[in-house]
Amino acid sequence: QVQLVESGGGLVQAGGSLRLSCAASGRIFGIDAMRWYRQAPGKQRELVAIITNGGTTDYADSVKGRFTISRDNAKNTVYLQMNSLKPEDTAVYYCAASIRNSSRSSWGNYWGQGTQVTVSS
């Protein structure tokens, strides 16, 4: 099986920074796109950032210029560097990845358990 484990969440003041990590482990043949989502109380889950296997990135308009997504393919890990944090960035952050278990399997979408980010004003 495959597991995604996030870390790095916490409480930070507005204007501060946090770095989230998400490590994939288990039966992994290949990882395609890796993504970060977030869900604030009472709101729908939204895509924050995505990075392809080749390193192409894209961001939600609300975080462009403040957040940076990166990955270490050797470690099966994706990161989200969050700078200039705002109270509206408060949410549970989830990572997700498209993963193949073997050369013969199809791609599956796997999720982490989420990590809380709270930004105080």
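Undergrad: Break down the pairing of strand β9 (residues 91-100) for me, citing the residues and quoting the values.
TA: Taking burial as the measure, the 10 residues of β9 include nine buried ones, the bulk of the element. Two strands pair when backbone bridges link them, and β9 and strand β11 (residues 115-120) are joined in this way by three bridges, in the antiparallel orientation. Bridging across to β11, A91 finds its partner in V117. Pairing analysis gives four bridges linking β9 to strand β10 (residues 108-111), with the strands arranged antiparallel.

Undergrad: Pulling in residues and values, what's your account of the layout of surface pockets?
TA: Considered as a void within the structure, the largest pocket measures approximately 150 Å³ in volume. Residue classes in the lining of the largest pocket are distributed as three nonpolar, three polar and four charged.

Undergrad: Explain the packing of aromatic side chains to me, and be specific about the residues and the numbers.
TA: Applying the stated criterion to the full structure yields one aromatic pair. Positioned over the ring face of Y79 is R19, at 4.1 Å from the centre of the ring. Sitting above the plane of the W111 ring, R45 keeps its charged end 4.8 Å from the centroid.

Undergrad: Describe the side chain of D89, with residues and values.
TA: Within the secondary structure, D89 sits in the loop between β8 (77-82) and β9. One polar contact links D89 to R66, side chain to side chain, over a distance of 2.7 Å. If sequence neighbours within four positions are ignored, D89 has contacts with R38, R66, F67, S84, V117 and V119.

Undergrad: Please set out the environment of Y59 residue by residue, giving values where relevant.
TA: In this structure, Y59 sits in strand β6 (residues 57-59). Residue classification places Y59 among the buried positions, given a relative accessible area of 18%. The sequence separation of Y59 and Q116 amounts to 57 residues, and the corresponding C-alpha distance is 20 Å. Non-local contacts of Y59, meaning those with residues more than four positions away in its chain, are made with V48, A49, K64, F67, T68 and I69. In terms of polar contacts, Y59 uses its side chain to reach the backbone amide nitrogen of I69, at 2.9 Å.

Undergrad: Requested: an account of the sheet that holds strand β7 (residues 67-72), with residues and values cited.
TA: Across a sheet, strands are paired by hydrogen bonds formed along the backbone, either parallel or antiparallel in direction. Spatially, four strands are ordered β1-β3-β8-β7 in an open sheet, and the strand pairing comes out antiparallel. Bordering the open sheet on either side are β1 (2-7) and β7, each of which pairs with just one other strand. Pairs of neighbouring strands in the sheet enclose a mean axial angle of 15°, with direction left out of account.

What counts, and at which threshold
- Residues numbered from 1 in each chain as written.
- Predicted model: local features only at pLDDT ≥ 70, side-chain atom pairs only at ≥ 80, totals over all residues.
- Heavy atoms only, no water.
- Buried < 20%, exposed > 50% of the residue type's maximum accessible area, 1.4 Å probe, protein only.
- Helix = DSSP H or I, 4+ residues; strand = E, 2+ residues; numbered from the N terminus.
- Pairing = 2+ DSSP bridges.
- 1 Å grid on protein atoms, 1.4 Å probe; cavity = no way out; pocket = protein on both sides within 12 Å on 5 of 7 lines; lining within 4 Å.
- Points joined across faces, edges and corners; volume = space filled by probe spheres on them.
- Nonpolar A, V, L, I, M, F, W, Y, C, P; charged D, E, K, R; others polar.
- Phe/Tyr/Trp six-rings, centres within 6.5 Å; stacked < 30°, edge-to-face > 60°.
- Lys NZ or Arg CZ within 6 Å of the ring centre and 35° of its normal.
- Polar contact = N/O pair within 3.5 Å; in protein donor to acceptor, adjacent residues only side chain to side chain.
- Contact = heavy atoms within 4.5 Å.
- Axes fitted to C-alpha atoms, helices over the stretch in contact; angles between N-to-C directions.

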